[in-house]
Amino acid sequence: MRDHTTTDRLPVGALLALTTAAFLTVLTEALPAGVLPGLSRDLGVSQATAGQTVTVYAIGTALSAIPLTAATARWRRKHVLLTGVAGFAAANTVTAVGSGVELVMGARFVAGIAAGLVWALLAGYARRLAPAGREGRAIAVVMAGIPLALSLGVPAGTFLGTAVGWRWTFALVTGLALVLLVWVVAVVPDRPGAEARERLPLARALARPGVVPVLVVTALFVLAHTIGYTYIAALLGSVGLASRVDVMLLVFGIASMVSIWLVGIHIDRRLRLLSLCSVLLVGAASAALAGLTGGAVFVAVAIAAWGLGWGGAPTLLQTAVARAGGEVADTAQAVLVTIWNAAMAAGGAVGGIAIGLTSAAVLPLWVLALLLPVLVVVLRGSGFPRIPGQQSEGATSRRSLTIPSERANS
């Protein structure tokens, strides 16, 4: 059995199931932010304490991605995905019925563990379902679940939390997980795990040319984005645009979807160019937001540029590390997931400290400072090479993305 399909068509139904898994992962992570007042009130804690449900989730993901990827390396890929989605269903159910903050925090930590398992799997699974030479486009389809969750899922969850209560909102997310389980069983093709002799050490993945530069870019880029995005409401509020936060986030979400679409079209041939554009757009947006003197329209344009730059970043980074990782791509992906979530947790903390010491107005300057080394690493090309053409790209993909056990099963 071959990993890559034998036609040039993407397996849309299967990829959309993986997209829904990405959507579910991000929605589960970010939903507490939208229902925070009711969550804190019912649990009898402050909103600051209730907000740590997001931090606990990120910690669970960061701690679990690498060890769980190693522990499940020989599992069939479909079994791993089903296990992760079942973990979401169980954790969100406990969150919905939990009567104390300790139980809810524990459930959120378990949900983060499930996310670590799923995130480390998704890009590699999408790549292995796609025709050779179209792996980047397949990953782009799956990663569309991220902006969809942020631009549609979280606002919808916030509305439902206000209308029917946060517990019912989490219960509905459980329902989505159960539907996804059936969907995966019905339409997603299985793929083999690695044989025991192929469970390569972490050191070998990090020694692959290009892997470490991609991980460095991931750490700094995600840290920069999180510092700005987490406290965008505070930044807008400081200049009298607090009532426009929902509109600005909608602009960001729409721009992110456009970014995903553009990246999906061009990523298999223009990874480096797209990565440079991503960094430059977020940098330009940060420079514009550092002034915030142009009124709501000016800010909306800057936010749109930010969304255009950031929306495709998860696809770009996961594709880059997969190409650089070659036969140990799954291990490299697990490291990326760990670094990603650690950077998210650090970004929230760093941004909070910066606001406490000065004001929200300085946050775009922090973002700019972090993006400078990101730009340097991407420009050097290691991990973000130029792809000369579609034919060589397809050959590269076949050589680097087919591991020994997959040839044995061909």
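On a predicted model such as this, the values are computed, not experimentally measured, just so you know.

Structural notes on the overall build of the chain
Then, number 1: When helices and strands are tallied, the chain shows 20 helices and 0 strands.
Then, number 2: When burial is assessed residue by residue, the chain has 55% of its 410 residues classed as buried.
Then, number 3: Intrachain contacts of the chain at a sequence separation of at least 6 include 87% that bridge at least 24 residues.
Then, number 4: When the accessible area of the chain is evaluated, it comes to approximately 16300 Å², of which 70% is carbon and sulfur surface.

Overview of the packing of helix α4 (residues 52-71) against helix α17 (residues 329-357)
Then, number 1: At a minimum axis distance of 8 Å, the contact between α4 and α17 shows a crossing angle of 165°. The angle between α4 and α17 places the two elements in the roughly antiparallel class. Crossing of α4 over α17 shows left-handed handedness. Across the interface between the two elements, Ala-58, Thr-61, Ala-62, Ala-65, Ile-66 and Thr-69 of α4 pack against Asp-330, Ala-334, Val-335, Val-337, Thr-338, Asn-341 and Ala-342 of α17.

So, the confidence of the model for the chain
Then, number 1: On average, the chain scores 81 in pLDDT, and the residues at 70 or more come to 89%.
Then, number 2: Counted against residues more than four places away or in other chains, residues 388-410, with its pLDDT under 50, gives 38 contacts.

Considerations on the environment of Phe-252
Then, number 1: With respect to the helices and strands, the residue Phe-252 is situated in helix α13 (residues 245-266).
Then, number 2: For Phe-252 and Leu-150, which are 102 residues apart along the polypeptide, the C-alpha to C-alpha distance reads 9.3 Å.
Then, number 3: Among residues more than four places away in sequence, those in contact with Phe-252 are His-225, Tyr-229, Ile-303, Trp-306, Gly-307 and Trp-310.

Here we look at the side chain of Ser-259
Then, number 1: Looking at the element boundaries, Ser-259 is found in helix α13.
Then, number 2: Given the relative accessible area of 4%, Ser-259 is considered buried.
Then, number 3: Setting aside chain neighbours within four positions, we find Ser-259 in contact with Gly-307, Leu-308, Gly-311 and Gly-312.

Scoring rules and cut-offs
- Residues numbered from 1 in each chain as written.
- Predicted model: local features only at pLDDT ≥ 70, side-chain atom pairs only at ≥ 80, totals over all residues.
- Heavy atoms only, no water.
- Helix = DSSP H or I, 4+ residues; strand = E, 2+ residues; numbered from the N terminus.
- Buried < 20%, exposed > 50% of the residue type's maximum accessible area, 1.4 Å probe, protein only.
- Contact = heavy atoms within 4.5 Å.
- Areas by Shrake-Rupley, 256 points an atom, 1.4 Å probe, with all protein chains shown as cover.
- Axes fitted to C-alpha atoms, helices over the stretch in contact; angles between N-to-C directions.
- Parallel < 35°, antiparallel > 145°, perpendicular 65-115°, else oblique.
- Left-handed = near helix turned anticlockwise from the far one by under 90°.
- pLDDT = per-residue confidence, 0-100.

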